[in-house]
Amino acid sequence: MIYFDNSATTPIFPQALDTYLKTSQRIIGNPSSLHDLGNQANRLLQQARKQIADQLNVSPKEIFFTSGGTEGDNWVLKGTAIEKRDFGNHLIISSIEHPAVSETAAQLKELGFELSIAPVTPEGFVDVAALEKLIRKETILVSVMAVNNEIGSIQPIQEISTVLENYPKIHFHVDAVQAITKVEQNQWFTPRIDFATFSAHKFHGPRGVGFIYWREGRKLAPLMNGGGQESNHRSGTENVPAIVAMARALRLAFEKKVEKPEHVARLKGYLLEALHSYEKVTVFSKEIDFAPHIICFSLKDIRGEVLVHALEEKQIYTSTTSACSSKKHLASSTLHAMNVPSSLATSAIRISLDESNTMAEVEQFLIVFNQLYQKFSKIN
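By the naming in an unreviewed UniProt entry, the chain is Aminotransferase, class V, taken from Candidatus Enterococcus lowellii. You can read under Cofactor (unreviewed entry) in the UniProt record for the chain the words "pyridoxal 5'-phosphate". The annotation that UniProt attaches to the chain under Sequence similarities (unreviewed entry) is "Belongs to the class-V pyridoxal-phosphate-dependent aminotransferase family. NifS/IscS subfamily."

*Asks:* Lay out the packing of helix H3 (residues 69–83) against helix H4 (residues 99–110) with the relevant residues and their values.
*Replies:* Between H3 and H4, whose axes approach to 9 Å, the crossing angle comes to 30°. Of the possible angle classes, the one that applies to H3 and H4 is roughly parallel. Our pair here, H3 against H4, has a crossing hand that is right-handed. For the pair H3 and H4, the contacting residues are Thr 70, Asp 73, Asn 74, Leu 77, Lys 78 and Ala 81 in the first and Ala 100, Val 101, Thr 104, Ala 105, Gln 107 and Leu 108 in the second.

*Asks:* Describe the packing of helix H10 (residues 304–312) against helix H14 (residues 359–379), naming the residues involved and giving the relevant values.
*Replies:* Between H10 and H14, whose axes approach to 11 Å, the crossing angle comes to 125°. Judged by the inter-axis angle, H10 sits oblique to H14. Pair H10 / H14 crosses with right-handed handedness. In this structure, H10 contributes Val 306, Leu 307, Ala 310 and Leu 311 to the contact, and H14 contributes Phe 365, Val 368, Phe 369, Leu 372 and Phe 376. Looking at the contact of H10 with H14 residue by residue, the class counts come to nine nonpolar, no polar and no charged.

*Asks:* Any chance you could break down the nonpolar core for me, citing the residues and the numbers?
*Replies:* Ranked by size, the top nonpolar core spans 72 residues in total, and within it Leu 56, Ile 180, Trp 188, Phe 198, Phe 203, Phe 211 and Leu 335 carry the most contacts. When residues in this core are grouped by element, the largest group, twelve residues, is from helix H8 (residues 240–255). Not counting chain neighbours up to four residues away, the residues in contact with Phe 203 comprise Thr 10, Phe 13, Ile 180, Thr 181, Phe 211, Met 246, Ala 249, Leu 250 and Ala 253. Residues Ala 274, Ile 349, Ile 351 and Phe 365 belong to the second largest nonpolar core, which totals 31 residues.

Each value, and the rule that gives it
- Residues numbered from 1 in each chain as written.
- Predicted model: local features only at pLDDT ≥ 70, side-chain atom pairs only at ≥ 80, totals over all residues.
- Heavy atoms only, no water.
- UniProt positions renumbered as here; feature names shortened; annotations may be inferred.
- Axes fitted to C-alpha atoms, helices over the stretch in contact; angles between N-to-C directions.
- Helix = DSSP H or I, 4+ residues; strand = E, 2+ residues; numbered from the N terminus.
- Parallel < 35°, antiparallel > 145°, perpendicular 65-115°, else oblique.
- Left-handed = near helix turned anticlockwise from the far one by under 90°.
- Contact = heavy atoms within 4.5 Å.
- Nonpolar A, V, L, I, M, F, W, Y, C, P; charged D, E, K, R; others polar.
- Core = buried A, V, L, I, M, F, W, Y, C linked by side-chain atoms within 4.5 Å.
- Buried < 20%, exposed > 50% of the residue type's maximum accessible area, 1.4 Å probe, protein only.

And the structure:
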């Protein structure tokens, strides 16, 4: 079995799973309880918060736990809209955002907020000059992902941060789900960023848990109300075993971050060189200014899901650009935003690599792909 769908989810680190199991068995108290069992759980919770904060070089007060990237994106967008509605009603997102951002923004638009969509270049990068022109006095939020989940383009967060230095009242949110531990932090985590969202299962942590970075001094309305957990900002009993396991997974992933991108980039470079040799293949991901782990390409006249299932029959697992759109048989929204013809967009598939993948797996993939290429060429 060859697993090339790591942008959808990564296998949990054995050490993180061990942490999850041991914490589940040994720490039975509710972190909000006043007795000693509750204090034990709370101490672990705060240790995990500090460990995550240390990895990002921020204050533990700026880390808040969530159920994952989708909740984090919803919280930042809706929380900003609620908190700042008296100051403005205008939001800006890019045309290539994950559905957790784009669908949330669309819902806010239905509720009366105004929404502008910043375009991208034909290569898949947000047009910073065009984005700046969209800013108006009513703008309360700009949300741009750090790394595109479909083609891997690293967005110009530094340039956007420079623009937004002139607009200090605007909340700047970055969906960093595909960036953390994969792309150098200084490329996507600038001092101007107010909020960033993360999901544990993208860096070998458990599913159903994540966190947001919330810059101290900024205000955000709660999305979850109730018992007042997370400093009264995100109610609900914290999933202590998952949070502690997430913190360990992040530490382990950061320990690998020196050698990991180099290894993954070698695999990607080898794949790209091979794919470019096929006349009917169009590759959308490049090496420069793109994340090392994502390759998106189309095989002319073959729908993406057909190729995905053909590879699956050989126990090679990929996806059609985004796990969130695969089962809906949706074409890549990113490729459409790049003005890629629909015929190519519907043929796109995504390979997403990880440090656990090997050159032998890449070579085996290319053998199988060549067989499928010849087969489909004969059929056509």
